[in-house]
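# Reading the structure
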Amino acid sequence: MPSLGADMEEGKVIEWTIKPGDHVHRGDIIGCVRTEKADIDIEAWEDAIVDQILAKPGETLPVGAVLAMFRGEGEPASVAALPAGEKKAEAPRAPAPVPPSPPPVPLEGERVHASPLARRIAKELGVDLSRVHGTGPHGAITQEDVEHAAKPPEKLPEKPTQAEPVPERTRTDVQAGMRRAIAAAMARSNREIPHYYLETRINMDRAVRFLESENQKRSVRDRVLIAALLIKAVAKALTEVPELNGYWIDDRLQPKEAIHIGLAVALRQGGLVVPAIHDADAKSLDELMQAMSDLITRARSGHLRGSELTDGTITITNLGDLGVETVYGVIYPPQVALIGFGRIVEAPWAEGGMLGIRPVVTATIAGDHRATDGRRGAQFLTVLNRLLQEPEKL
Amino acid sequence: MERKIPESAIRDAILKGLKKIAPEATPQDVAPDENLREALDIDSFDFLDFLIGLNEVLGVEIPEADYGKLTTLNSLVSYLSQRVG
């Protein structure tokens, strides 16, 4: 059972999309696991052959439990995987994969939130998903919902049935699970990580004008949000201050070369998830906008991949839309820093002896004092500020 | 002769678009002069998504400079009525 985040302790196997003997490739979706937060597709971590599947759909297992065994090309099958009469003991390799599903298949008309399994079963059973009431996380349609919808009506009730209580209770359970998961991760963070906080005000005049100018040339569907610019600036600043990009594991800082920005995404019915934009420093603004749009859409519809929830090397939380000016975040372990942005406000700004009004954002860093000192955090904010003064170079 | 899209159709398109981005909410319950983004907890990403949807349905390209004029249901209907059909 993969750990799909610091807030996960166990997961329920929902389905397998593989069987013994199948060849899988790195990144292939091999199944789906339900966490307290959402159904997550698990992926193969390397090319391999499925040897045995040990966990059955419906089983709830702790993080670290072996779900399946894999073997390399040319390696013999394990005893258990051999047909009767061909038993020959060979230890299979440790698990290779774990789970997420492909991007959601866009349906015509209304946006429908359903797991890949539910979509497949709906197709098989001829069920119109737009008519199915979802009882999964955030109203997502589950396998059970589809199967229920496919059943012929048993009997017309005398009075209208009160279908609401069951889904309502399910949503409550999902919300409770979400809060428990967040509570576990945040309590661990506050317990284990000695946070330090720094903040700086950044003149966003050039950045805002740059984006306005860019967006004037674009149709509405190609516009770039300021959030994409901030992500890019953070990613590039990390290339200059790499100590903030990585993990605190085994009592030491382990900086990561790849910059995968975890994006705190608030879910509409409460709670949040932190999927990662991979290699954010190498992406253009358009690519970042596309990646952000894809991630937010899938996060809110419950279609994230496991790797997206585990690969983040730093987190950005942007609460500007909610009107707050300063964000003091809690680091998402094992990461060692979290960058916060508040609302861009028009504020008095003195420069070169002149006072004017400028769009200003407050950027904060929550740093893990075991991994870095305030000096490093301050360097980061200085670089961030400098980069945002030359937005056309981002 | 050009046929103007009635205001009721524009209003329906807006409410449908809002329902898409805030499926748990009831946009019809928002007062016509209430701030839509605050009432329905719509962030920048959702708002852009909403405008893309309106663009697809009504064919109106809304410049970013006009976002400030689109705060309520009434202001949206009024703005779009002048630009469609």
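Residues numbered from 1 in each chain as written. Chains lettered and ligands numbered in written order. Predicted model: local features only at pLDDT ≥ 70, side-chain atom pairs only at ≥ 80, totals over all residues.

### So, the overall build of chain B
In terms of helices and strands, chain B carries four helices and zero strands. Starting at the N terminus and ending at the C terminus, chain B contains elements arranged as α-α-α-α. The C-alpha extent of chain B, read off along each of the three principal axes, is 40 × 25 × 20 Å. By residue count, 25% of the 85 residues in chain B fall in the buried class. By sequence separation, contacts in chain B at least 24 residues apart represent 61% of the contacts at least 6 residues apart. (Helix = DSSP H or I, 4+ residues; strand = E, 2+ residues; numbered from the N terminus. Buried ≥ 20, exposed ≤ 12 C-beta atoms within 10 Å, placed from the backbone. Contact = placed C-beta atoms within 7 Å.)

### Overview of the overall build of chain A
A count of helical and extended segments in chain A gives eight helices and 19 strands. Across the 394 residues of chain A, 43% fall into the buried class. Looking at chain A alone, contacts between residues at least 24 apart form 64% of all its contacts between residues at least 6 apart.

### A few points about the sheet that holds strand S2 (residues 23-24) of chain A
All names here are of chain A. One open sheet holds the three strands; their spatial order is S2-S5-S7, and the pairing between them is antiparallel. The outermost strands of the open sheet, each flanked by one partner alone, are S2 and strand S7 (68-71). Strand direction decides the pairing type here: S2 and strand S5 (residues 48-53), joined by two bridges, are antiparallel. If you follow His23 over to S5, its bridge partner there is Ile49. (Pairing = 2+ DSSP bridges.)

### Some words on the pairing of strand S19 (residues 354-368) of chain A
All names here are of chain A. Of the strand pairs in this sheet, strand S9 (residues 195-203) and S19 are connected by nine bridges, and their pairing is antiparallel. Along S19, the bridge assignment pairs Tyr196 with Gly367. Of the pairings in the sheet, the one linking strand S17 (residues 337-341) to S19 comprises five bridges and is antiparallel in character. Bridging across to S19, Ile339 finds its partner in Ile365. With seven bridges joining them, strand S18 (residues 345-351) and S19 adopt antiparallel strand pairing.

### Some points on the interface of chain A and chain B
Residue-level contacts link 17 residues of chain A with 15 residues of chain B. Mapped onto the side of chain A that touches chain B, the elements with two or more residues apiece are helix H4 (205-216) and helix H6 (285-301) of chain A. The element contributing the most residues to the side of chain A that touches chain B is H4 of chain A, with three residues. Considering only residue class, the side of chain A that touches chain B consists of four nonpolar, six polar and seven charged. (Nonpolar A, V, L, I, M, F, W, Y, C, P; charged D, E, K, R; others polar.)

### Quick word on the nonpolar core
Residues and elements named next belong to chain A. Ranked by size, the top nonpolar core spans 100 residues in total, and within it Ile231, Val234, Ile261, Ile277 and Met292 carry the most contacts. Among the elements that line this core, the one with the most residues is helix H5 (residues 226-240), at 11 residues. Built from parts of two domains, this core gets at least three residues from each of domain 1 (10-98) and domain 2 (195-393). Once residues lying within four places of it in the same chain are set aside, the contact partners of Val234 are Ile261, Ile316, Ile339 and Leu384. Ala118, Ile121, Ala122 and Ile141 belong to the second-largest nonpolar core, a separate cluster that totals six residues. (Core = buried A, V, L, I, M, F, W, Y, C linked by C-beta atoms within 7 Å. Domains from an automatic or database assignment.)

### What to know about helix H3 (residues 44-58) of chain B
Residues and elements named next belong to chain B. With 15 residues, H3 should cover 21 Å at 1.5 Å per step; its first-to-last C-alpha distance of 21 Å lies within 8% of that length. Asp46, Leu48, Asp49, Phe50, Leu51, Gly53 and Leu54 are the residues of H3 that are buried. As for H3, its buried residues are in contact with helix H1 (7-21). At the C-terminal side of H3, Gly59 shows a positive phi close to 75°. (Expected span 1.5 Å × (residues − 1).)

### A few points about the domain arrangement of chain A
Residues and elements named next belong to chain A. Split into domains, chain A comes out as domain 1 (10-98) and domain 2 (195-393). Ranked by residue count, the leading element in the side of domain 1 that touches domain 2 is strand S4 (residues 39-44), at five residues. Of the residues in the side of domain 1 that touches domain 2, the class split is four nonpolar, no polar and four charged.

### Things to note about the packing of H1 of chain B against helix H4 (residues 73-81) of chain B
Residue and element names in this part refer to chain B. Remark: H1 packs on H4, axes separated minimally by 10 Å, with the N-to-C direction vectors making an angle of 125°. Put simply, H1 runs oblique to H4. H1 and H4 meet at a crossing whose hand is right-handed. For the pair H1 and H4, contact is made by Glu7, Ile10, Arg11 and Ile14 and by Leu73, Leu76, Val77, Leu80 and Ser81, respectively. Looking at the contact of H1 with H4 residue by residue, the classes come out as six nonpolar, one polar and two charged. (Axes fitted to C-alpha atoms, helices over the stretch in contact; angles between N-to-C directions. Parallel < 35°, antiparallel > 145°, perpendicular 65-115°, else oblique. Left-handed = near helix turned anticlockwise from the far one by under 90°.)

### Focus on the packing of H5 of chain A against H6 of chain A
Residue and element names in this part refer to chain A. In the contact formed by H5 and H6, the axes pass within 9 Å of each other and the chain directions differ by 110°. On the basis of their axis angle, the class for H5 and H6 is roughly perpendicular. Crossing handedness for the pair H5 and H6: right-handed. When H5 is examined against H6, the residues Ala227, Ala228, Leu229, Ile231 and Lys232 are found in contact with a partner set consisting of Leu285, Leu288, Met289 and Met292. Within the contact of H5 with H6, the residues separate by chemical class into eight nonpolar, no polar and one charged.

### Section: the confidence of the model for chain B
When pLDDT drops low, the exact placement of atoms in the prediction is not to be read closely. Averaged over every residue, the pLDDT of chain B is 90; residues scoring 70 or more account for 95%. Across the whole predicted complex the pTM is 0.74, and at the interface the ipTM reaches 0.88. (pLDDT = per-residue confidence, 0-100.)

### Considering H4 of chain A
Residues and elements named next belong to chain A. Between the first and last C-alpha of H4 there are 16 Å, a value that for 12 residues agrees with the 16 Å anticipated at 1.5 Å per step. For H4, the complete set of buried residues consists of Ala207, Phe210 and Leu211. Summarising the axial view, the buried residues of H4 lie within an arc of 95°, below the 170-degree limit, and thus occupy one face. Exposed side chains of H4 directed beyond 90 degrees from the buried face belong to Arg209, Glu212, Ser213 and Gln216. (Arc of directions from axis to C-beta.)

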